[in-house]
2 protein chains.
Amino acid sequence: MKQIESVKECGGYLNRYRHDSRACQCEMTFSVYLPPQAAAEKVPALYWLSGLTCTDDNARTKAGAQRFAAKQGIAVVFPDTSPRGEQVADQPDRYDLGQGAGFYVNATQQPWSSHYQMYDYVNSELPELIEQNLPLVAGVKSVSGHSMGGHGALICALKNPGAYRSVSAFAPICNPLASGWGQDCFGLYLGKDRSAWAAYDATSLIESGARVDDILIDQGDADEFLDDGQLLPDNLQAACDAQGQPCTIRMQPGYDHSYHFIASFIGDHIEYHARYLKS
Amino acid sequence: MKQIESVKECGGYLNRYRHDSRACQCEMTFSVYLPPQAAAEKVPALYWLSGLTCTDDNARTKAGAQRFAAKQGIAVVFPDTSPRGEQVADQPDRYDLGQGAGFYVNATQQPWSSHYQMYDYVNSELPELIEQNLPLVAGVKSVSGHSMGGHGALICALKNPGAYRSVSAFAPICNPLASGWGQDCFGLYLGKDRSAWAAYDATSLIESGARVDDILIDQGDADEFLDDGQLLPDNLQAACDAQGQPCTIRMQPGYDHSYHFIASFIGDHIEYHARYLKS
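Nothing here was measured: the structure is a model prediction, and the numbers come from that model.

Teacher, can you tell me more about the overall build of chain A here?
Summing up its helical and strand segments, chain A has ten helices and nine strands in all. The C-alpha atoms of chain A give 17 Å as radius of gyration, which agrees with the globular expectation for 279 residues (19 Å, within 12%). Each of the three principal axes of chain A carries a C-alpha extent, and together these read 50 × 40 × 35 Å. Buried positions account for 63% of the 279 residues belonging to chain A. Expressed as a percentage of contacts within chain A between residues at least 6 apart in sequence, the contacts between residues at least 24 apart total 72%. If you sum the accessible surface of chain A, you get close to 9,900 Å²; carbon and sulfur atoms cover 46% of it.

Explain the sheet that holds strand 8 (residues 216-220) of chain B here, please?
Across a sheet, paired strands are connected by hydrogen bonds in the backbone, their directions being either parallel or antiparallel. Residues and elements named next belong to chain B. Ordered in space as 7-8-9, the three strands form an open sheet in which the pairing is parallel. The strands lining the two open edges of the sheet, one partner per strand, are strand 7 (168-170) and strand 9 (248-252). Looking at each pair of strands side by side, their axes are set apart by 15° on average, direction ignored. Across five bridges, the pairing between strand 8 and strand 9 is parallel. The partner of Gly220 across the bridge, within strand 9, is Gln252. The strands touched by helix 10 (residues 259-277) are strand 7, strand 8 and strand 9; relative to strand 7, the strand with the most contacts, the crossing angle is about 180°.

Help me out: how do you make sense of the pattern of salt bridges in this one?
All names here are of chain B. Counting across every chain of the model gives 20 salt bridges over all chains. One salt bridge in this structure joins Asp57 and Arg16, with 2.9 Å as the shortest N-O distance. With Asp57 in helix 1 (residues 57-62) and Arg16 in strand 2 (residues 12-21), the pair connects residues that are 41 residues apart, well separated along the chain. Close ionic contact of Arg250 with Asp218 constitutes a salt bridge, the shortest N to O distance being 2.7 Å. Linking Arg250 in strand 9 with Asp218 in strand 8, this pair joins segments that are 32 residues apart in sequence.

Where do I start with the pairing of strand 2 (residues 12-21) of chain A in this structure?
The side chains of a regular strand alternate between the sheet's two faces. Residue and element names in this part refer to chain A. Of all ten residues in strand 2, seven are buried; the element is thus mostly enclosed. Sheet topology places strand 1 (residues 2-9) next to strand 2; seven bridges connect them, and they run antiparallel. Paired with Glu5 across the strands is Arg16, a residue of strand 2. Linkage of strand 1 to strand 2, two consecutive antiparallel strands, is achieved through a turn of two residues, within which Cys10 is found at a positive phi near 50°. Here nine bridges tie strand 2 to strand 3 (residues 26-34), and the two strands are oriented antiparallel to one another. In the strand pairing of strand 3, Asp20 is matched with Glu27. Connecting the antiparallel pair strand 2 and strand 3 is a turn made up of four residues, with Gln25 showing a positive phi of about 55°.

What am I meant to see in helix 4 (residues 148-159) of chain B here?
Note: α-helices contain 3.6 residues per turn, so residues at a spacing of three or four share the same orientation. Residue and element names in this part refer to chain B. Spanning twelve residues, helix 4 covers 16 Å between terminal C-alpha atoms, matching the ideal 16 Å at 1.5 Å per step. Among the twelve residues in helix 4, eleven count as buried, and that is most of the element. Taken residue by residue, helix 4 has Met148, Gly149, Gly150, His151, Gly152, Ala153, Leu154, Ile155, Cys156, Ala157 and Leu158 as its buried positions.

Quick question: what am I supposed to make of the sheet that holds strand 8 (residues 216-220) of chain A here?
Residue and element names in this part refer to chain A. In spatial order, the strands read 7-8-9; together these three strands make up an open sheet with parallel pairing. Of all the strands in the sheet, the pair left with one neighbour each is strand 7 (168-170) and strand 9 (248-252). Adjacent strand axes in the sheet meet at a mean angle of 15° when their direction is disregarded. Here strand 7 pairs with strand 8 via three bridges, running parallel. Across the sheet, the residue bridging to Phe170 is Asp218, located in strand 8. Here helix 10 (residues 259-277) sits on the sheet and contacts strand 7, strand 8 and strand 9; the angle it forms with strand 7, its principal contact strand, is near 180°.

Hey, could you run me through the relation of the copies chain A and chain B in this one?
One copy of the chain maps onto the other through a rotation about an axis followed by a shift along the same axis. Note on the identical chains: chain A maps onto chain B by a rotation of 180° and an axial translation of 0.0 Å, with an RMSD of 0.0 Å. Those values place the two copies in the arrangement expected of a two-fold rotation axis. Every residue of chain A has its C-alpha some distance from the rotation axis, and the shortest such distance is that of A:Lys62, at 2.7 Å.

Whenever I open this one, the interface of chain A and chain B confuses me. Can you help?
Reports often express the size of an interface as the amount of accessible area lost when the parts come together. Across the contact, 23 residues belong to chain A and 23 residues belong to chain B. Between chain A and chain B the total buried area reaches about 1,700 Å² when both faces are included, carbon and sulfur atoms providing 50% of it. Ranking the residues of chain A by area buried against chain B places A:Lys8, A:Arg67 and A:His260 at the top, with a combined share of 37%. Counting across the chain A and chain B interface gives zero salt bridges. Across the contact surface, chain A and chain B share ten residue pairs in polar contact (both at pLDDT 80 or more). If you list the elements that add at least two residues to the side of chain A that touches chain B, you get strand 1, helix 1 (57-62), helix 2 (65-72) and helix 10 of chain A.

About the cut-offs
- Residues numbered from 1 in each chain as written.
- Chains lettered and ligands numbered in written order.
- Predicted model: local features only at pLDDT ≥ 70, side-chain atom pairs only at ≥ 80, totals over all residues.
- Heavy atoms only, no water.
- Helix = DSSP H or I, 4+ residues; strand = E, 2+ residues; numbered from the N terminus.
- Rg over C-alpha atoms; globule rule 2.2 N^0.38 Å.
- Buried < 20%, exposed > 50% of the residue type's maximum accessible area, 1.4 Å probe, protein only.
- Contact = heavy atoms within 4.5 Å.
- Areas by Shrake-Rupley, 256 points an atom, 1.4 Å probe, with all protein chains shown as cover.
- Pairing = 2+ DSSP bridges.
- Axes fitted to C-alpha atoms, helices over the stretch in contact; angles between N-to-C directions.
- Salt bridge = Lys/Arg side-chain N within 4 Å of Asp/Glu carboxyl O.
- Expected span 1.5 Å × (residues − 1).
- Least-squares fit on C-alpha atoms with pLDDT ≥ 70 in both.
- Buried area = accessible area lost by both parts, 1.4 Å probe.
- Polar contact = N/O pair within 3.5 Å; in protein donor to acceptor, adjacent residues only side chain to side chain.

Remember that the coordinates give geometry; whether it matters functionally is a separate question.
Here's what the structure looks like:
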């Protein structure tokens, strides 16, 4: 991995890296915020998975996480949302499919399967790479994300028991099997067999017995994608209630789907993860 | 003025407005963050003047001011950086002249003088407009800004004794008469007579006896425009020292010119202004 940028923020460094990804078979870009504490000791990491259309840049610029990460002594890892490049399949006329819309799955269908292996990338390749090259405590990580990335955070934690200390999400796509975005993209990335989809659906995973210690979700009640039936937090809550999975979904009155919503509550989430990461 | 957007953030509302500007003779867009306290009472306002290439959007998205403004009960006003529109003179091949680069002066030279009256816009027209239409305490305001907007903040405060309770800046252009950006733009906006330039130069204003209670400046020592001689904080400090003008310039080691630098110290500045605005 090659460092291509370093910007000081809140006493730490917001660095950007590029590397040739084995999982995605292309050059990938990601950012890591290293808090001031990382100059003297290894620190735990929070992985932040971004939503549709984002790169590694959106959250690092707009979420305001670095201030709280610096306070808590936690690194924040910002992966990209899909493989990239001219040789990578894309659907440029759609924001919800192709580049910028990897949905954190391992695609099995052509033309997507050659590069769209974001599940392996985020859960295996990227942590191995950065734990070897940066001052991070190996194996001590948590995961959060927004919208498509909230879905990503939930499935990463649910599918990898013990790998993540804690999981939270902002306005996640809780049940892609039942949402327009999910049905369409999962069909193209994973094929027609819906049982393959369920392996990447947080609500289905909980219904099938997957467990984590706890789940924290913030959801704005003025979120257009909530009204639109893309997010479906009620389905997740029902599955959690039925299965005895602890889950706190905070409906935040008046908030929308934007980074202004994330910035309003990111401090709570960083604090929440810090309790797990530092215990 | 017409509200064109409203986004909830940190309990308050980040609103965007459009209006026909008398000063700039074009339609202008600006944003105002109203903290939660503004729902019940009038609040004082901090005007934030942005830098070259910015609109009202950059600081509201990247500076992280809203969290602190909400805590302190202060509105933040984000004006645009120049007049806009097809009928407005521009130099599209330059980022430092024309639209996005108004330098907060009243231009006297054609083709700029028809619309580039940002000094009157920011100091008179905009405050009158929003104090009439929003829950703001009339006449209780402070000013801050970044780079070209830091220059703007300094001259607004220095040229209007008593109008602003306090002034601060991030990496301001402290002495445009002696910097490349300033010499070039002031020549075009204000003509060849350098005495006209001095009326919009913070260092010259202080040398000529202008005074404010205090000045707070943060400046990154890894700022490329500092090395480039565009910002010249030493000139301002020397003028302040010679004239007995209180001025604290904090050289921040390792920080650059970006919004990541601003986000690192915006909390200090909001707190600084709150002390004046609420006393």
